[in-house]
Each structure stands twice: as structure tokens, then as C-alpha cells.
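Single-letter residue listing:
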Amino acid sequence: STPELLMGATGVFVQKTNHGGGSPIVRGLMGNQVLLLMDGIRLNNATYRYGPNQYLATIDPLLLDRVEVTRGSGSVLYGSDALGGVVQLISKSPVFAAGKPTFSARAFGKWMSAGMELSGRGEIQAATEKIAFLGGFSARNFGDLLAGGSLGFQSPSAYQERAADAKLLVRTSANGLLTASYQHLVQYDVPIYYRVAQDNYTRYSFVPQSRTLGYLRWERQSENKWMQTIRLTASLNRSVEGLETQRRNAATFNRGKDVVNTWGAVAEVHSQPTAFWQAQSGVEYYLDQVSSQLAVINPQTGEATARRGNFADGSEMRNLAIFTSHVLDFQRFQFTGGLRYNAVTLQVQDEAINNPRISPAALVGNASATYKITDNHHLIVGFNTGFRSPNLDDVSKLG
């Protein structure tokens, strides 16, 4: 799974409460204190919770080109939640043909004994000099985990996963590029083993757990030193977290579902005013719209009684930021510095707590100096401030 990719990475620990989950721990922090990005787009949304969670496991590792980890606060470039660090996931991209059109296909398969895993992926790539396409489909079946020694199987821990992705690149001009990308993953009935083994539940499962991301990105290169690269991105990230729970000897069970639609718009400019000065500046806006339901169901009669969900249904979170970051490079010395202003608005639709509306904001900065003793040995002195805005999990979750 994708969390396992980070096992052994310098300065990163991975905590897995269940096989369908996994949280990176960076600089001692985890959960919504570490920011997850997919192709530069925020995955952390209004309902991301603190502590070990399962969100990184909703990324298909077979669609990734690489994973990059920034250790330490990344709030200036990336905003809220980047306290312990940033995990940047970068998906595969097709390659333009150098001459005549090209077509290729790849297949991957994996089988583990004791029924622990059966995985496969197929992908195709087609390209001309101006258009390139890459698409893939993954199917993964995980059996119950086989523990070491004489402990036997951890049951229930088995689940199934299906994922599909596509990316299209179009050269709009000699210096322009348009990218359209789609990713979808769904996991069916992911059990939380320790809840059943230790916490007096007969059932505790994510049903389903899914993530869908679509984005459109346009970028253009220019000889203008103040606007060498302009990049505009529009995105929609949809997270669905269903949860079914039933305590032992209970006559009813709970079925909840939390859905978050995150609309995003990001504008960035990369500049190089002089040979030794580089800058990156931008504006971003994200809107999270939350739907949350819960029903108490009698399996004998089929009767369902509606209850308040984990979150107040219809709540929203808005996130607006402007930032600038600069690098000055003088042979053996390098200086960096940046500022970011971030304003967040949380609107909770819950009359029982008087529909609270809060508007936290933060101004953060960073500065560092590097002395290159040799090509392989650098002395670095740095200072930064970071922040994490409260989200709906902090201010309105019940249960």
C-alpha cells in the first residue's frame, strides 16, 4: 500500500492501525498535522482527523511516479497542516513521441501465499508529438493478514480495492501545455481489526472508502524574467468515508457516510529576475462542502432511524492564501525566505450549537542561510513558522 512506500524513508515513521490505513509520522507529528499533496493539489480537507488515519491508503501506489517528503514546516509554500512536514505524491505522466505516433502497454501482477494479496494492473500509453495519453486500471484483493509465529491470521483484515486513472497532455503551443487528469479509487468493506479484537465490536468497517480527483492544469513558459512559468490549476477532489459499526449483543447497527467535495483553484508564477535570484509566488483557494449522515438500523425489521452524522450536514470550509518564496544563490552561500498569508472560514450548519462561524488567519514566514563547505557538505541555519487551522473535525464532530 502507499503508506508502506515511506517505510525506511529518512525521518519518516509509518503507523498502521489496520491494513487499509497508514499514517506517516514526520517530525513527531501525524494525521492532520502532516499535509498530503497529489500533483501539487491538497488532499487534506475539512474532515481530516488527528492521529493515525487511513487517507494515504486511498492512493493507488501503482499510479505513482515518485513520492517526495519535506521534513519540517512547509506552511509558507503549502499552507495549513504542513507542521510536521509535507508528503507530495506525484503521478505518472505520458511521454510525447519524438517522431511518428507511438503506442505501448504494460502489465503488472503480484501474488502472495496464504491468500494475503492478489494484485494486478494494466496500463496503456499512446502519444504523438502534440498529444500524449496514459491510462491504467488496478484490481487488488487483500486477504486476512498472517501474523508472525503462532499468532495466526488477523481476522477480519481482508478487503478489496479497485482503481482507475487517466492523464492527457496536450501541447497548446510551442511553450504551452494543458494537462487533464482523473484518478479514482474505491475500497470495499475495510475492517478495523483492533476494534473487533479488543473494543467489543462485531463489526467496524469502512464501507466504502473512496477518493476521486480530477484536475485541469495549464502552464506556459516565457522568456519574461518575471513570469518564466505561469501555471493555473482547477481541481475537484471528492472523499467518501462510509462507516458501519455494531457492538456485541447490540440489536441495531450504525451506518454513517461522510462526503467532502473540495473545489480548488491555484495560480502560480515562477520568476528569475536575475541569474542569482529565483522566486515562486501564487494565490490559492479551496472550498470544502461537507455532507454527513448517520442511520441506526434494525436488521430484523429493516427500520432505519436518522441521527446527526459525525459532522454537521451542509457545513463548509473556505481557504484563501497568497504566498511568495525567494532563493538567492551566491556560489557558496544560498539564502531563502518567504511569506504566506492564509485566511480560513468555517461555517457549521448546526442549530443545536448556534451555527458557529469562525475565521482564523495566519501570517507565516521562513528564512534560512546555507554555506556550502564542499559539494557534499553544507551548513544550514534556518527559521520558520507554521500553522494549522482548525477544521470541522476539531469544531463540530460528535461521537
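What you see is a predicted model; the values in this text were computed from it and never measured.

Basis of the calculations
Per chain, the residues get numbers from 1 upward, laid out in the order the sequence is written. Only residues with pLDDT of at least 70 get local features here, since the model is predicted, and only at 80 or more are side-chain atom pairs given and counted; chain-wide, interface and lining totals rely on the full set of residues. Side-chain measures here rest on the full set of heavy atoms in the structure, leaving out hydrogens and waters. For the purposes of this entry, the term helix denotes a DSSP run of H or I that reaches at least four residues, the term strand denotes a run of E that reaches at least two, and both are numbered from the N terminus. For the radius of gyration, the atoms used are the C-alpha atoms, and the globule rule reads 2.2 Å times the number of residues raised to 0.38. Think of it in three bands: with a 1.4 Å probe and only protein chains considered, a residue is buried below 20% of the maximum accessible area for its type, exposed above 50%, and partly exposed in between. Stacked, edge-to-face and tilted are the three classes for Phe, Tyr and Trp ring pairs, Trp counted by its six-membered ring, which pair at centre distances within 6.5 Å; planes under 30 degrees apart are stacked, over 60 edge-to-face, the rest tilted. Throughout this description, the term charge over a ring refers to an Arg CZ or Lys NZ atom that lies within 6 Å of the ring centre and within 35 degrees of the ring normal. The criterion used for residue contact is that any of the two residues' heavy atoms lie within 4.5 Å. Pairs of N or O atoms are called polar contacts if they sit within 3.5 Å, as long as, within protein, a hydrogen donor faces a hydrogen acceptor (for residues adjacent in sequence, only side-chain-to-side-chain pairs). Salt-bridge detection follows one rule: a side-chain nitrogen of Lys or Arg within 4 Å of a carboxyl oxygen of Asp or Glu. Strands were regarded as paired on the criterion that DSSP finds at least two bridges between them. Within this scheme, the nonpolar core is defined by two criteria: the residues are buried Ala, Val, Leu, Ile, Met, Phe, Trp, Tyr or Cys, and they are joined through side-chain atoms within 4.5 Å. Both site types are read off a 1 Å grid over the protein atoms alone. A 1.4 Å probe that fits but cannot get out defines a cavity, while an open set with protein on both sides within 12 Å along at least five of seven lines defines a pocket; lining residues have an atom within 4 Å of a point. Grid points are joined across faces, edges and corners, and a volume is the space filled by probe spheres set on the points. Ten residues, namely Ala, Val, Leu, Ile, Met, Phe, Trp, Tyr, Cys and Pro, are considered nonpolar, four, namely Asp, Glu, Lys and Arg, are considered charged, and the remaining ones, Gly among them, are considered polar.

Caption draft 1: Summary view of the overall build of the chain. The helix and strand tally for the chain stands at 4 helices and 24 strands. Taken against the 2.2 N^0.38 rule, which gives 21 Å for 399 residues, the C-alpha radius of gyration of the chain at 23 Å falls within 12% of a compact globule. The principal-axis extent of the C-alpha atoms belonging to the chain is close to 75 × 55 × 45 Å. A burial count over the chain gives 43% of its 399 residues as buried.

Caption draft 2: A look at the packing of aromatic side chains. Scanning the model with the defined rule gives 8 aromatic pairs in all. Centroid distance W226 to W277: 5.7 Å. Interplanar angle 90 degrees. Geometry classified as edge-to-face. Here W226 is found in the loop between β15 (201-221) and β16 (229-247), whereas its partner W277 is found in strand β18 (residues 277-297), with 51 residues between them in sequence. Using a relative accessible area of 47% as the deciding quantity, one classes W226 as partly exposed. Pairwise contacts between aromatic rings join F276, F330, F333, F335 and Y371 into one cluster. When the ring centre of F96 is taken as origin, the NZ or CZ atom of R171, which lies over that ring, is 4.0 Å away.

Caption draft 3: Focus on the environment of G79. Structurally, G79 can be placed in the loop between α2 (75-78) and β6 (85-91). In sequence terms G79 and F387 are 308 residues apart; their C-alpha atoms lie 7.6 Å from each other. For G79, the contacting residues outside a window of four places in its chain are R42, G74, R340, N342 and F387.

Caption draft 4: Representation of the side chain of N44 within the structure. With respect to the secondary-structure elements, N44 resides in the loop between β4 (41-42) and β5 (64-71). Among the residues examined, N44 registers a relative accessible area of 5% and is labelled buried. At 2.9 Å, the side chain of N44 and the backbone nitrogen of L36 are in polar contact. Here the side chain of N44 touches D81 through a polar contact of 3.0 Å, side chain to side chain. Contacts of N44, omitting those with residues within four sequence positions, involve N32, V34, L35, L36 and D81.

Caption draft 5: Looking closely at the pattern of salt bridges. Taken as a whole and assessed by the stated rule, the structure comprises 27 salt bridges. Where K167 meets D39, a salt bridge forms, and the shortest distance between an N and an O atom there is 3.8 Å. Of this pair, K167 sits in strand β12 (residues 159-171) while D39 sits in the loop between β3 (34-38) and β4, and the two are 128 residues apart along the sequence. Per residue, the accessibility class of K167 equals that of D39, and both read buried. One salt bridge connects D189 with R203, and the closest N-O pair in it is separated by 3.4 Å. On the criterion of sequence distance, the pair formed by D189 in the loop between β13 (176-188) and β14 (190-191) and R203 in strand β15 is long-range, its members being 14 residues apart.

Caption draft 6: Highlighting the pairing of strand β20 (residues 316-330). With 13 bridges connecting them, β18 and β20 associate as antiparallel partners. Among the inter-strand pairings, Y286 is bridged to a residue of β20, identified as N319. Bridging between β20 and strand β21 (residues 333-347) involves 15 bridges; their strand directions are antiparallel. Bridging across to β21, H326 finds its partner in G337.

Caption draft 7: Layout of the sheet that holds β3. One open sheet holds the 4 strands; their spatial order is β4-β3-β6-β5, and the pairing between them is mixed. Of all the strands in the sheet, the pair left with one neighbour each is β4 and β5. Bridge count between β3 and β6: 5 bridges; the pairing is parallel. Along β6, the bridge assignment pairs V34 with G85.

Caption draft 8: Examining the nonpolar core more closely. Counting 20 residues, the largest nonpolar core has L36, M38, L43, I59 and L89 as its most contacted members. Contributions of two or more residues to this core are made by β3, β6 and β15. Considering each element in turn, this core owes the most residues, 3 residues, to β3. Residues within four places of L43 in sequence aside, it is in contact with L36, L37, M38, Y48, I59, L89, R211 and N237. Counting residues in hydrophobic clusters, the runner-up holds 10 residues, among them A46, V290, A312 and V348.

Caption draft 9: Looking closely at empty space enclosed by the protein. Taken as a whole and judged by the stated rule, the model has 4 cavities of 30 Å³ or more. Its boundaries defined by the atoms lining it, the largest cavity holds a volume of some 140 Å³. In terms of lining, the largest cavity is formed by 15 residues, of which the most central are R42, N44, D288, M317 and N319. For the lining of the largest cavity, the elements supplying multiple residues, two or more each, are β18 and β20. Of the residues belonging to the lining of the largest cavity, the class tally is 4 nonpolar, 7 polar and 4 charged.

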